[in-house]
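# Notes for the structure review
One-letter residues, chain by chain:
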Amino acid sequence: FYDISAKHEEFSNRGKDLFIQFSVKHEQTIDCGGGYIKLVPADALDDQKNFKGGEKETKYNIMFGPDICGYSTKKVHFILHNKGTNHLIKSDIPCETDEFTHIYTGALYPDNTFKVFVDGEEKKSGTIPDNWDILPPKKINDPSQSKPADWVDERMIDDPEDKKPEGWDDIPAEIVDPEAE
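Residues numbered from 1 in each chain as written. Predicted model: local features only at pLDDT ≥ 70, side-chain atom pairs only at ≥ 80, totals over all residues. Heavy atoms only, no water.

This brings us to the overall build of the protein. Check the secondary structure of the protein and you find 1 helix and 9 strands. The N-to-C order of helical and strand elements in the protein reads β-β-β-β-β-β-β-β-β-α. Rg of the C-alpha trace for the protein: 29 Å, well past the compact-globule value of 16 Å for 181 residues, more than 25% over. C-alpha extents for the protein along the principal axes are approximately 90 × 55 × 35 Å. Within the span of the protein, comprising 181 residues, buried residues form 25% of the whole. (Helix = DSSP H or I, 4+ residues; strand = E, 2+ residues; numbered from the N terminus. Rg over C-alpha atoms; globule rule 2.2 N^0.38 Å. Buried < 20%, exposed > 50% of the residue type's maximum accessible area, 1.4 Å probe, protein only.)

Below, the structure is given as structure tokens:
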């Protein structure tokens, strides 16, 4: 695996559109790999050589790019960092898996909307609150509420007082069809 990084000055996109765009070309068919851009806070690294992935990953604000791993994962990652947590977009955005060059574009807008393009074609768009679990839910389970001690979870419960109607057993299971020959 390879990585490359470049130091940048601190910036803010508050009130501005932010576009992340780059091209990816897989020189051969890959089973597992990806090509991401990670926007790391300007003060997160004192030396670019200290950039890390995995368990001791360098903190980043945005991660964007294609990921291919086996037959099940072939998607564009779009991860936003907020208050110490990385939030992955909730839906899968398909990525290209061939050996041609493809351009990936992620756009964040000041009105809390986003768009993802692959080769200039829009693949996903919407609002950030609807597509990432960044904001706390509007309703949560009340921890002080619980089922009564005698609560029964079975869907169907026999009624011990239930009885067949009078004459039930006298009704034949089959009757003669007068129109049958």
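Judged by nonpolar contacts, the single largest core of 20 residues is most densely connected at F64, V76, F78, Y104 and L108. Those elements that place two or more of their residues in this core are β1 (18-25), β4 (62-69), β5 (73-82), β7 (101-108) and β8 (113-118). Among the elements that make up this core, the one with the highest residue count is β1 (4 residues). Not counting residues up to four positions away in its chain, the partners in contact with L108 are K16, D17, L18, I62, F78, L80, T113, F114 and I128. If you look at the next biggest cluster of nonpolar residues, it comprises 6 residues, including V40, F51, Y60 and M63. (Core = buried A, V, L, I, M, F, W, Y, C linked by side-chain atoms within 4.5 Å. Contact = heavy atoms within 4.5 Å.)

Turning our attention to the sheet that holds β7. An order of β1-β7-β8-β9 is seen for the 4 strands of this open sheet, with the pairing classed as antiparallel. The open sheet has two free edges, formed respectively by β1 and β9 (121-127), since each of these has just one partner strand. The mean inter-strand angle of the sheet, taken between neighbouring strand axes irrespective of direction, is 10°. Relative to β7, β1 runs antiparallel, the two sharing 8 bridges. In the strand pairing of β7, F19 is matched with A107. (Pairing = 2+ DSSP bridges. Axes fitted to C-alpha atoms, helices over the stretch in contact; angles between N-to-C directions.)

Our focus in this paragraph is the environment of N131. Considering the arrangement of structural elements, one finds N131 in helix α1 (residues 128-131). Looking at N131, the relative accessible area reads 9%, which means it is buried. Residues N131 and K90, spaced 41 residues apart in sequence, show a C-alpha to C-alpha distance of 5.5 Å. Leaving out residues up to four positions away in the same chain, N131 has contacts with L88, I89, K90, S91, F114, K124 and G126. Only 2.8 Å separates the side chain of N131 from the backbone oxygen of T127, close enough to count as a polar contact. (Polar contact = N/O pair within 3.5 Å; in protein donor to acceptor, adjacent residues only side chain to side chain.)

Using the criterion set out here, one finds 7 aromatic pairs in the structure. For the pair F19 and Y109, a centre-to-centre distance of 5.9 Å together with 85° between the ring planes defines the contact as edge-to-face. Linking F19 in strand β1 with Y109 in the loop between β7 and β8, this pair joins segments that are 90 residues apart in sequence. When its relative accessible area of 48% is taken as the criterion, F19 is described as partly exposed. A ring pair is formed by F22 and F64, whose centres lie 6.2 Å apart and whose planes are at 85°; its orientation type is edge-to-face. You can see F22 sitting in strand β1 and its partner F64 sitting in strand β4, a full 42 residues away along the chain. Across the pair, F64 and F22 agree in class, each one buried. (Phe/Tyr/Trp six-rings, centres within 6.5 Å; stacked < 30°, edge-to-face > 60°.)

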